[in-house]
Amino acid sequence: MVVSKKNYEDLRKQRLEENKKRMEELHLPQLTQALKTAHSPTPSPMKRTKPRVIGTEMVEVRRSSRVAHLPAPVYKELVVYERVELPRSGRRYSYSRRDLGNRVYASDEARDYAIDKAEELEAKLEGGHPSFVKPMLQSHTTGGFWLGLPTHFCRKSLPRTDCTVTLIDEEGEEFPTVYLAHKGGLSGGWRGFSIHHQLVDGDALVFHRIQPTVFKVYIIRCKGYDEEGEKDDLEA
């Protein structure tokens, strides 16, 4: 039996009315409205690290020439941030990154030899000034040229702010370097010192602080281990 189109429309309207009545009994329209008006919590703003401020300056705000005849200019505060720069030097150090593929790593015996000799030298230093021994790694002598210093030494014997640290070699030649206090190491200028003295992996350096930001540096070569071995073989 086929239901007529008119009867079908009547049944559909009746079903819609029943559904609407049921929704009103369950208070669904009110719940829908409440959900639409609800607000999600506001997320807290992300914290941003602020650079360290070391002072301020008063600078003149730029003004148009058309108002030059008006009253005195307005000044505003300009924040000045710390920046450590090395004094200009006539030295030029040549270094090719192709050398990185020809790195030579010191043997454990040669490395230990240099460290022992450096510690013996450190024990003989006079003057009561603090010192430490620093074995050289590839990162100190090739590629990055960054020299991290012992944390306990930095906290006890070096400034808490960035500054220039001067290294004096055994010939008396001075090499200014940039000391980064927050990282505890030498950055700019250390590359020149390393290349000039042809430091390699396995060498050991003795840093003897003779002034607050001045170090006397003694170099013990790891190749001395092989030289002593050859000497012993000749004498045998």
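Calculation rules
- Residues numbered from 1 in each chain as written.
- Predicted model: local features only at pLDDT ≥ 70, side-chain atom pairs only at ≥ 80, totals over all residues.
- Heavy atoms only, no water.
- UniProt positions renumbered as here; feature names shortened; annotations may be inferred.
- Helix = DSSP H or I, 4+ residues; strand = E, 2+ residues; numbered from the N terminus.
- Patch = residues over 30% accessible without salt bridge, like charges linked within 9 Å, V, L, I, M, F, W, Y side chains within 5 Å.
- Areas by Shrake-Rupley, 256 points an atom, 1.4 Å probe, with all protein chains shown as cover.
- Salt bridge = Lys/Arg side-chain N within 4 Å of Asp/Glu carboxyl O.
- Lys, Arg positive; Asp, Glu negative; His and termini not counted.
- Charge placed at Lys NZ, Arg CZ, Asp CG, Glu CD.
- Buried < 20%, exposed > 50% of the residue type's maximum accessible area, 1.4 Å probe, protein only.
- Contact = heavy atoms within 4.5 Å.
- Phe/Tyr/Trp six-rings, centres within 6.5 Å; stacked < 30°, edge-to-face > 60°.
- Pairing = 2+ DSSP bridges.

An unreviewed UniProt entry lists the chain under the name TF-B3 domain-containing protein, with Lactuca virosa given as the organism. Taken directly from UniProt, the Subcellular location (unreviewed entry) text for the chain runs: "Nucleus".

**Notes on unusual backbone geometry**
Backbone geometry places Gln198, a non-glycine residue, at a positive phi of 50 degrees. Within the element layout of this structure, Gln198 appears in the loop between helix 6 (190–196) and strand 8 (204–211).

**Describing a negative patch on the surface**
Residues Asp108, Glu109, Asp112, Asp116, Glu119 and Glu120 make up a contiguous surface patch of negative charge. Counting through the fold element by element, Glu109 comes out in helix 3 (residues 108–124). On the basis of relative accessible area, Glu109 is assigned to the partly exposed category, the value being 44%.

**Observations regarding the environment of Ala114**
Looking at the secondary structure, you find Ala114 in helix 3. The buried category is assigned to Ala114, whose relative accessible area is 0%. On a C-alpha basis, the gap between Ala114 and Met136 in space is 9.8 Å, while along the polypeptide they are 22 residues apart. Beyond its immediate stretch of four places on either side in the chain, Ala114 contacts Gly202, Asp203, Ala204, Ile220, Arg221 and Cys222.

**Details of the packing of aromatic side chains**
Counting across every chain of the model gives eight aromatic pairs. With 6.2 Å between their ring centres and 75 degrees between their planes, Phe132 and Phe215 make a pair best called edge-to-face. Placement of Phe132 in strand 3 (residues 131–135) and of Phe215 in strand 9 (residues 214–220) is noted, with a sequence separation of 83 residues between them. Phe132 gets classed as buried once you look at its relative accessible area, which sits at 5%. Note on Phe215: relative accessible area 2%, which makes it buried. Aromatic rings pair up to connect Phe132, Phe153, Phe207 and Phe215 into one cluster.

**Description of the pairing of strand 6 (residues 174–180)**
A regular strand carries its side chains on alternate faces of the sheet. Of all seven residues in strand 6, five are buried; the element is thus mostly enclosed. Alignment of strand 5 (residues 163–168) against strand 6, held across six bridges, turns out to be antiparallel. If you follow Ile168 over to strand 6, its bridge partner there is Glu174. Two elements, strand 6 and strand 7 (residues 185–186), share two bridges in a ladder whose sense is antiparallel. Counted as the bridge partner of Leu180 is Gly185 from strand 7. Following strand 6, the chain reverses through four residues before pairing antiparallel with strand 7; Gly184 in that reversal takes a positive phi of roughly 65 degrees.

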